[in-house]
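# Chains, contacts and geometry: an overview
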Amino acid sequence: MTTVYENAVVFTGDEHAPIVKAVAVDAGRILAVGDTSAVLDIAGDSAQRIDLEGSLLAPGFVEGHTHMMMLGQTLDKVQLRDCRSLEEIQERLALKRQEQPEAPCVLGSGWMFDAIPGDRPTADMIDEVVSDVPVLLDSNDVHSAWVNTAALEAMGITEATPNPHGGEIVRNGQGQATGFLLENAAIEYAWSYLESVTTDEDRDRFLDSAFRVYLENGVTSATDMAVGEAEAATFRRRLERDGRLPFPITAHWLLRPTGDPARDLAAVARAAEIRDQFAELPGSEWFRIVGVKFILDGVIDACTAAMRDPYVDGTQAGPIWSFESAAPVAVAADAHGLELAMHAIGDHASEIALDLVAECVRVNGPRIRSPRIEHLESVTDETIARMAGLGVVASMQPVHCDPAIMGNWMTVLGGQRAENGFPWQKFREAGVHIALGTDAPTAPHQMSHNLFIALTTRSALEPGDTNYHPERAFTPAQALGALTHAAARAGGFADGIGRITPGGRANLVVLDVDPFSDSEDRLLEAQVRATIVDGELVWRKSDSVVDG
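Residues numbered from 1 in each chain as written. Predicted model: local features only at pLDDT ≥ 70, side-chain atom pairs only at ≥ 80, totals over all residues. Heavy atoms only, no water.

### Description of the UniProt feature "domain: Amidohydrolase" (unreviewed entry) in the protein chain
According to UniProt, the feature "domain: Amidohydrolase" (unreviewed entry) maps to residues 50–538 in the numbering used here. Along residues 50–538 one finds 36% helix and 20% strand; the C-alpha atoms at either end are 16 Å apart. (UniProt positions renumbered as here; feature names shortened; annotations may be inferred. Helix = DSSP H or I, 4+ residues; strand = E, 2+ residues; numbered from the N terminus.)

### Quick notes on the packing of aromatic side chains
Throughout the structure, instances matching the rule amount to 13 aromatic pairs. Between the aromatic rings of Phe11 and Phe516, the centroid separation amounts to 6.1 Å while the plane-to-plane angle is 35°, which identifies the pairing as tilted. Here Phe11 is found in the loop between strand E2 (9–10) and strand E3 (22–26), whereas its partner Phe516 is found in the loop between strand E21 (508–511) and strand E22 (528–533), with 505 residues between them in sequence. Overall, the relative accessible area of 1% leaves Phe11 in the buried class. Ring geometry for Trp424 and Phe474: centres 5.3 Å apart, planes at 45°, overall tilted. Separated by 50 residues along the polypeptide, Trp424 in helix H14 (residues 424–430) and Phe474 in the loop between helix H15 (447–456) and helix H16 (476–483) bring together distant segments of the chain. (Phe/Tyr/Trp six-rings, centres within 6.5 Å; stacked < 30°, edge-to-face > 60°. Buried < 20%, exposed > 50% of the residue type's maximum accessible area, 1.4 Å probe, protein only.)

### Topic: the layout of surface pockets
To find leftover empty space, one rolls a probe the size of a water molecule over the atoms. Roughly 900 Å³ of internal volume is contained in the largest pocket. Contributing to the lining of the largest pocket are 36 residues, with Trp191, Gly228, Glu231, Leu254 and Arg256 lying nearest its centre. Counting residues per element, the ones that place at least two in the lining of the largest pocket are helix H2 (68–74), helix H6 (184–196), helix H7 (200–216), strand E14 (219–227), helix H8 (229–242), strand E15 (249–255) and helix H9 (261–279). Mapped onto the domain boundaries, the lining of the largest pocket takes at least three residues apiece from domain 2 (69–197) and domain 3 (200–493). (1 Å grid on protein atoms, 1.4 Å probe; cavity = no way out; pocket = protein on both sides within 12 Å on 5 of 7 lines; lining within 4 Å. Points joined across faces, edges and corners; volume = space filled by probe spheres on them. Domains from an automatic or database assignment.)

### Quick notes on unusual backbone geometry
Note the cis peptide between Ala440 and Pro441, where omega equals 10°. For Cys303, which is not glycine, the phi dihedral falls at a positive 60°. When you line up the elements, Cys303 lands in the loop between strand E16 (287–295) and helix H10 (323–335). Owing to a relative accessible area of 10%, Cys303 belongs among the buried residues under this scheme. Positive phi is not limited to glycine here, since His469 has a value of about 55°.

Structure (structure tokens):
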């Protein structure tokens, strides 16, 4: 049956296209889009007509950067993002232990450096309230892990345990681990420990949870930025069970530096092998590995992002991947047809990222590529201009610069650097393609919050008038375009995903707020009325006018 959605504010995904009033859907595809009379003429008299009462109808949001399994797992953890003191964190951990006395460990997520005395967490702080089982707490940016003594013992970390390549086990003056793991140390020890105590049933549940909350928030496709063996196996099980996913996913295989060039190159070969295996599976159009992910540096809050100049405290972190170690790996990935996605938060790291793109062109020759740099929190004007010249996508996350979480970020940078972060307007002026996402679970996954911060530069966590440089703000059309069409293009999606165009897949979201005319503050309370994948209503608000 043909369905016409009318009396809507229809954004088609193109920031330069006019807003129209109606969309017709038939057999999972967009039949027509435009003015109501023209759409009804094409749909015919027998079409079902649904009045959207002035709601926004847009392409389903394309989550430009996420970690699906980690998001699903984080939903089960103790939530610490809103804790403003160590005492609050301790209270929540103690309560969780009381509520689940049989649990083998306590997991938490989202703690902020501002809440910790001296910005340096220790195992003793957790031991005061939970000492009998391992406790593992992800930082808000998920680049550090804070653990108790029982967790250090469970992970086998002793005075003799070496720092892994690209990471640090923070130690005291006596050489003892303090309970704070930075960058690759968090991955090698905390993440690996969790992997060892997680079952396939758990992983399947985590993936189900991530799909559920995204559908509730109007997301109809996503790019997963840290897929490895366990994640790939979980997606495969879901495909083998259902023949499809709730919505399509593209993925980047996570490459971790080992210090051994042969092992690093073998990881690229494995990524290509897994890509090819998925391409042969039934339902392969629902999950595709399109590239590899390099984490070139850390984060500013922990002073591990690679910056040209030292932090206020005098420290200066080097990159996790140097150009010399990453270049042969990047060139090999590019030769396999795998796109490069490069986490680069500090201004020096983004320079390395562009050097890697240029090296791939030099060695492998010109061809159509879609390289992307993730985050770009502190970046020079020269790098922005160079990105435009090389055709590199800026993949950024407005929720990462919510003013409520930027206190420590600005303090550790200091001076003018603290005022020059997240220069969205400069990317737009230079003609750099921008894709927006959330990087969940390192930030809230709600798309309306992401949109609100993009439009206002104000806080979604602590609403008020405080903003961070309003000159950076997007217009509604720019922001929605970056959350749909641009994110789809950056993620390697086709077939009309991220757009409302005749013949394309009918992946749509109905939002009860019109960003083009309503007060921006209404976005803080925005509700998704309906989420539609391939023409099928897959989620609806209880009072939605959209029928099931």
